[in-house]
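One-letter residues, chain by chain:
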Amino acid sequence: MSRTEVVVYENPDLLAAAAAARLVTRIVDVQAARGAASVVLTGGGTGIAVLRELRESSARDAIDWSRLDIYWGDERFVPADSDERNEKGAREALLDHVPLAPERVHAMAPSDGEFGDDVDAAAEAYAKVLSDAAGPGADVPEFDIMLLGLGGEGHTASLFPETAEVRETQRSVVPVRDCPKPPPTRVSLTLPAIRRAREVWLMTAGTAKADAVAQALAGAPETQIPVSGARGYRRTLWLLDREAAGKLTKVYQPPAE
Ligand SMILES: O=C1O[C@H](COP(=O)(O)O)[C@@H](O)[C@H](O)[C@H]1O
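Residues numbered from 1 in each chain as written. Predicted model: local features only at pLDDT ≥ 70, side-chain atom pairs only at ≥ 80, totals over all residues. Heavy atoms only, no water.

Describing the sheet that holds strand β9 (residues 235-241)
Rule in force here: At least two bridges found by DSSP between two strands is the condition for calling them paired. Helix and strand definitions here come from DSSP, where helices need a minimum of 4 consecutive H or I residues and strands a minimum of 2 consecutive E residues; each element is numbered from the N-terminal end. Axis lines are fitted to C-alpha atoms, over the contacting stretch for helices. Their N-to-C directions set the angle, which ranges from 0 to 180 degrees.
Taken in spatial order, the 6 strands of this open sheet run β1-β9-β8-β5-β2-β3, and their pairing is parallel. Of all the strands in the sheet, the pair left with one neighbour each is β1 (3-9) and β3 (68-72). Averaged over all pairs of adjacent strands, the angle between their axes in this sheet comes to 15°, without regard to strand direction. Two strands pair when backbone bridges link them, and strand β2 (residues 37-41) and strand β5 (residues 145-148) are joined in this way by 2 bridges, in the parallel orientation. The partner of V40 across the bridge, within β5, is M146.

Structure representation (structure tokens):
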């Protein structure tokens, strides 16, 4: 049984700090219950701010970093040292500062990596990374926590409105070309892959996101507002600041912890 919860924070700084605190608690709980945990990272302003907060939190030492798998929900297909790359932002904000096991950090290929500028090959390779990590009979692992952001037009990961990629039902990872938001070429998990996560946390701030948030929570079709289709199979947690929540018509109560 999947549940949706919405928590609204006064401002983006509080949102990032609170999301980081939640993340520590959730990872520690999962590691206590199952030994290891997996987290899927996102790029974007809020996603990287949360990682920075986590780095600065003394509670981060409660996590056993050697038993944490890191994946990405999407990546910009640019050179490895480009500031546009989600991996680079995540490494600078957190990953380079904690004792992760390098073989447990599963980045998507850059455009100057082993597949050169072949974005199809990069997407296929990441699908193989996921299927190798999944249990028998599955193409995608049951991620513990997937962090996602969203765009003002409703995109999440790199799934944009009214595209073939948001309609994809067979593949777990797709190459994405001609994105309306630069950079134009990306690699993205698909909605079916996103829905393999136990928990999806949708984190965003600012008035520019308010329409998309309201439409998604009102149940807009995922082809029009892709983030509408991003949910965890146990829990979907929206972490918003007051501005991003500004167009919600329903009053959401904070969930009991
Ligand atoms: O391009 C992307 O944008 C979204 C949202 O980013 P934001 O800065 O507007 O919050 C992000 O979730 C995604 O990973 C990224 O590739």
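Considering the pairing of strand β6 (residues 173-176)
Heads up, the rule is: Three exposure classes are used, based on accessible area relative to the maximum for each residue type with a 1.4 Å probe and protein chains only: buried under 20%, partly exposed in between, and exposed over 50%.
Both faces of β6 are covered, namely the face carrying V173 and P175 and the face carrying V174 and V176. With 4 bridges joining them, β6 and strand β7 (residues 186-189) adopt antiparallel strand pairing. Within β7, the residue paired with V176 across the bridge is R186.

Looking at the site of the ligand
Under the convention used in this document: A single heavy atom is enough: if one lies within 4 Å of a molecule or strand, its residue is considered near that molecule or strand. Pairing of N or O atoms within 3.5 Å defines a polar contact, subject to two protein rules: one partner must be a possible hydrogen donor and the other a possible acceptor, and residues neighboring in sequence count only if both atoms are side-chain atoms. The Shrake-Rupley method, run with a 1.4 Å probe sphere, supplies the accessible areas, and residue values consider only the shown protein chains as cover. Residues are grouped as follows: Ala, Val, Leu, Ile, Met, Phe, Trp, Tyr, Cys and Pro are nonpolar; Asp, Glu, Lys and Arg are charged; every other residue, Gly included, is polar.
Taken together, 14 residues lie near the ligand, and G45, D74, R76, K181 and K209 sit nearest. Between the ligand and the protein, one listed contact pairs an oxygen atom with a side-chain N or O atom of R76 at 2.9 Å. Within the side chain of K181, one N or O atom sits 2.8 Å away from an oxygen atom of the ligand. Computed on the free molecule, the ligand has an accessible area of 390 Å², of which 89% lies beneath the protein chains in the complex. Split into classes, the residues belonging to the shell around the ligand amount to 2 nonpolar, 7 polar and 5 charged.

Let's talk about helix α4 (residues 119-133)
Selection criterion: To estimate how far a helix should extend, the number of its residues minus one is multiplied by 1.5 Å.
The end-to-end C-alpha distance of α4, which contains 15 residues, comes to 21 Å, matching closely the 21 Å that a straight helix rising 1.5 Å per residue would cover. Capping the start of α4, D118 holds a side-chain oxygen 3.2 Å from the backbone nitrogen of D120, two or three residues further along.

Overview of the UniProt feature "domain: Glucosamine/galactosamine-6-phosphate isomerase" (unreviewed entry) in the protein
Defined as follows: UniProt positions are given in the numbering used here, feature names are shortened, and annotations may be inferred rather than shown by experiment.
Per the UniProt record, the feature "domain: Glucosamine/galactosamine-6-phosphate isomerase" (unreviewed entry) sits at residues 11-238. As annotated, residues 11-238 has a helix share of 31% and a strand share of 15%, and its two end C-alpha atoms lie 14 Å apart.

Focus: the pattern of salt bridges
When charged atoms on two side chains of opposite charge get close, those side chains can pair. Put simply, the rule is: The rule for a salt bridge is simple: a side-chain nitrogen of Lys or Arg has to be within 4 Å of a carboxyl oxygen of Asp or Glu.
All told, the structure shown has 25 salt bridges when counted by the stated rule. Its salt-bridge partner being D64, residue R67 comes within 2.6 Å of it at the nearest N-O pair. Take R67: its relative accessible area is 32%, and that puts it in the partly exposed class. Its salt-bridge partner being K247, residue D211 comes within 3.1 Å of it at the nearest N-O pair. With D211 in helix α6 (residues 210-217) and K247 in the segment after β9, the pair connects residues that are 36 residues apart, well separated along the chain. Residues joined by salt bridges that share partners form a network here, namely R3, E5, R26, E199 and R235.

Things to note about the nonpolar core
Let me state the cut-off plainly: For the purposes of this section, nonpolar cores are sets of buried Ala, Val, Leu, Ile, Met, Phe, Trp, Tyr and Cys residues that join through side-chain atoms within 4.5 Å.
L189 and I194 are the most contacted members of the largest nonpolar core, which has 83 residues in total. For this core, the element with the most residues is helix α1 (residues 12-34), which contributes 9 residues.

Side note on the packing of helix α2 (residues 45-56) against helix α3 (residues 86-93)
The test is simple: Roughly parallel means an angle under 35 degrees; roughly antiparallel, over 145; roughly perpendicular, 65 to 115; everything else is oblique. Each crossing is labelled by how the near helix is turned from the far one, with a counterclockwise turn of less than a right angle marking it left-handed and a clockwise turn marking it right-handed. Any two residues having at least one pair of non-hydrogen atoms within 4.5 Å are treated as being in contact.
Remark: α2 packs on α3, axes separated minimally by 8 Å, with the N-to-C direction vectors making an angle of 20°. Judged on the interaxial angle alone, α3 and α2 are roughly parallel. Pair α2 / α3 crosses with right-handed handedness. Residues I48, L51, R52 and R55 of α2 pack against N86, G89, A90, E92 and A93 of α3. Looking at the contact of α2 with α3 residue by residue, the class counts come to 4 nonpolar, 2 polar and 3 charged.

Quick notes on the environment of E162
Tracing the backbone through its elements, the reader meets E162 in the loop between β5 and β6. Take E162: its relative accessible area is 46%, and that puts it in the partly exposed class. If sequence neighbours within four positions are ignored, E162 has contacts with R167, T223 and Q224.

Examining the environment of S58
Secondary-structure assignment places S58 in the loop between α2 and β3. When its relative accessible area of 67% is taken as the criterion, S58 is described as exposed. Sequence spacing of S58 and T42 is 16 residues, and the spatial spacing of their C-alpha atoms is 22 Å.

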